[in-house]
Amino acid sequence: MKMGKRGAVASLLILAMATPGVVFSQQPAAIPAASKEKSVLTSEREKIGYAIGVDVASSFEPIASEVDVAELRRAVENAFAGGQPLLSQEEAQQTDQALRTVMMAKSGQQVPGMAPGSQPPSVDRKKVGQMLGSYAVGPSLAPIQKEIDLDSVFQAISTIFAKGTPLMDRQQAQATLQAFSASKQAASAGKNREEGNAFLAKNKTQPGVVTTASGLQYQVLRAGSGERPVPTSRVRVNYEGKLLDGTVFDSSYERGQPVDFGLNQVIKGWTEGVSLMPVGSKYRFWIPSELAYGSNGTPGGPIGPDAALTFDVELLGVLQ
C-alpha cells in the first residue's frame with residue numbers, strides 16, 4: 001500500500017476501528033438497490049463477490065451513514081476501467097480530515113479547534129464514496145475484477161449498511177475468501193513452477209552458466225581475487241533481485257547503501273551462491289524456488305509462491 005494513494009483511507013480506518021460501538025446515525029444513509037438483486041448466490045463469481053462485499057462493508061460499517069454507495073461503486077468501476085481517481089489526492093485528504101472530525105464529534109470526543117457543544121462541519125458523502133472507491137476498494141479489487149461479480153459485492157455492502165440480513169454472514173464470508181485465496185495461491189504456484197522449470201532448463205545451456213548439484217545456476221560477471229566466505233560468514237554485498245519477467249523487487253543499489261548479513265540468515269540459494277564468490281567478484285544467480293522462498297513466496301508480494309528468482313550480487317567484503 002502506497003501512502004501517497006491510500007494513506008488517508010488507512011488513517012480513517014484506524015480511527016474507525018478505534019471507536020467501537022459508536023452509533024453515527026439512527027437512520028442509515030440512502031442506499032441504492034443492487035442492479036440485479038439476488039436471493040441465492042449460485043456462481044463462484046457471485047459467492048466471491050458477495051464475500052468481498054461483506055468484508056468491505058464490515059470495515060466501513062462505522063461510517064456507513066457518511067458514504068454515498070452509488071459514488072463508491074462509480075469510483076470502483078472507474079478504477080476497474082483504469083481511469084484516474086474521481087477525487088484528487090488533495091481532495092481525498094481534505095475529505096478524510098472532514099470525516100475524521102465528524103467521527104470524533106459524534107463519538108463525544110473533543111475536536112481540536114472546535115468549541116464544546118458546537119456542530120461539526122458536514123462531510124460530503126459523495127466525496128467519501130469517491131475517496132473509498134478510488135483509493136481503497138477499487139485498486140484492491142482491480143487485479144481480480146474478472147473473478148468477481150460486482151453486483152454481488154454491492155448487494156452485500158448495501159444490505160449491511162442498511163442493517164439488513166445478508167445472504168452470507170461474516171464467518172461464511174471469511175471462509176469463502178480463505179478458500180478463494182488458497183485457490184489463487186495454488187494456481188499461481190503451478191504457473192510459477194512451470195515457468196521457472198522451463199526457464200532454468202533453457203538457461204543452463206547458455207554459455208558461461210554453471211549449474212550446481214542443488215540446481216542453483218550462476219554466471220561470473222566479474223572475477224574477484226579476494227577472500228572467499230564460508231556458509232557461516234558475515235558479508236557485505238550490493239545486490240539486485242528480479243523476478244523472471246525482469247521486475248526488480250529489491251535493490252541495494254537503488255537504496256544507495258550495501259547490506260551486511262550472515263550467510264546462515266538468508267535463503268539457501270544465497271548461502272550456497274555467495275560462498276562461491278571471492279571478494280571483489282560479481283555473480284549473477286538464477287535461484288529455483290526450493291532454494292528461494294518456496295511455496296509461500298513473500299506474503300502480500302512481490303514474490304509469488306514457487307517463483308524462481310534472479311540476483312546480481314557483488315561481494316564487497318567478508319566481515320567475520
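A brief look at the structure comes next. No experiment lies behind these values; they were computed from the predicted model shown. (Residues numbered from 1 in each chain as written. Predicted model: local features only at pLDDT ≥ 70, side-chain atom pairs only at ≥ 80, totals over all residues. Heavy atoms only, no water.)

Quick word on the overall build of the chain
Secondary structure summary: the chain contains 9 helices and 7 strands in total. Counting the 320 residues in the chain, one finds 45% classified as buried. Sequence separation of at least 24 residues holds for 77% of the intrachain contacts in the chain that already meet a minimum separation of 6. Accessible surface computed for the chain: about 16500 Å², of which carbon and sulfur atoms make up 51%. (Helix = DSSP H or I, 4+ residues; strand = E, 2+ residues; numbered from the N terminus. Buried < 20%, exposed > 50% of the residue type's maximum accessible area, 1.4 Å probe, protein only. Contact = heavy atoms within 4.5 Å. Areas by Shrake-Rupley, 256 points an atom, 1.4 Å probe, with all protein chains shown as cover.)

Topic: the side chain of D306
Here D306 shows up in the loop between β6 (282-287) and β7 (309-318). If we ignore the near neighbours within four places in the chain, the residues touching D306 are A189, N192, R193, S289, G294 and S295.

Comments concerning the pairing of strand β3 (residues 234-243)
Pairing between β3 and strand β5 (residues 259-262): 4 bridges, direction antiparallel. Each bridged residue has a counterpart across the sheet, and for R236 the counterpart in β5 is D260. Pairing of β3 with β7, which is carried by 9 bridges, proceeds in the antiparallel orientation. When the bridges of β7 are listed, V235 appears paired with V318. Alignment of β3 against strand β4 (residues 248-251), held across 3 bridges, turns out to be antiparallel. Residue pairing in the sheet places E240 in a bridge with S251 of β4. With antiparallel pairing between neighbouring strands as the criterion, β3 and β4 make up a hairpin whose turn holds 4 residues, including G246 at a positive phi of roughly 95°. (Pairing = 2+ DSSP bridges.)

Thoughts on the packing of aromatic side chains
This structure, assessed with the given rule, holds 7 aromatic pairs. Considering the side-chain rings of F249 and F311, the 5.7 Å spacing of their centres and the 90° angle between planes classify their relative orientation as edge-to-face. Highlighted residues: F249 in strand β4 and F311 in strand β7, separated in sequence by 62 residues. We classify F311 as buried; its relative accessible area is 4%. Summarising the aromatic geometry, the rings of W270 and F311 are spaced 5.2 Å apart at their centres and angled 85° between planes, so their arrangement reads as edge-to-face. (Phe/Tyr/Trp six-rings, centres within 6.5 Å; stacked < 30°, edge-to-face > 60°.)

Structural notes on the environment of L200
Mapped onto the elements of the fold, L200 is located in helix α7 (residues 170-203). Contacts of L200, omitting those with residues within four sequence positions, involve Q217, W286, P288 and A308.

Observations regarding the pairing of strand β2 (residues 217-222)
Relative to β2, strand β1 (residues 210-211) is paired through 2 bridges, and the arrangement is antiparallel. Bridge assignment links T211 to a residue of β2, and that residue is Q217. What sits between β1 and β2 in their antiparallel hairpin is a turn of 5 residues, with G215 showing a positive phi close to 105°. Here 5 bridges tie β2 to β6, and the two strands are oriented antiparallel to one another. Among the inter-strand pairings, Q217 is bridged to a residue of β6, identified as W286.

Considerations on the nonpolar core
Nonpolar side chains in soluble globular proteins tend to end up buried together. In terms of nonpolar packing, the biggest core is built from 41 residues, with I52, L72, L132, I148, F154, I157 and F161 touching the most fellow members. Ranked by residue count, the leading element in this core is helix α2 (residues 44-60), at 8 residues. Not counting residues within four places of it along the chain, the set of residues in contact with I52 comprises L141, I144, I148 and L177. Core analysis: the next-biggest nonpolar cluster, separate from the first, contains 24 residues, Y218, L263, I287 and L291 among them. (Core = buried A, V, L, I, M, F, W, Y, C linked by side-chain atoms within 4.5 Å.)

As for the environment of K146
With respect to the helices and strands, the residue K146 is situated in the loop between α5 (125-141) and α6 (150-161). The exposure class of K146 is exposed, given its relative accessible area of 76%. Along the sequence, K146 and R45 sit 101 residues apart, while their C-alpha atoms lie 8.5 Å from each other.

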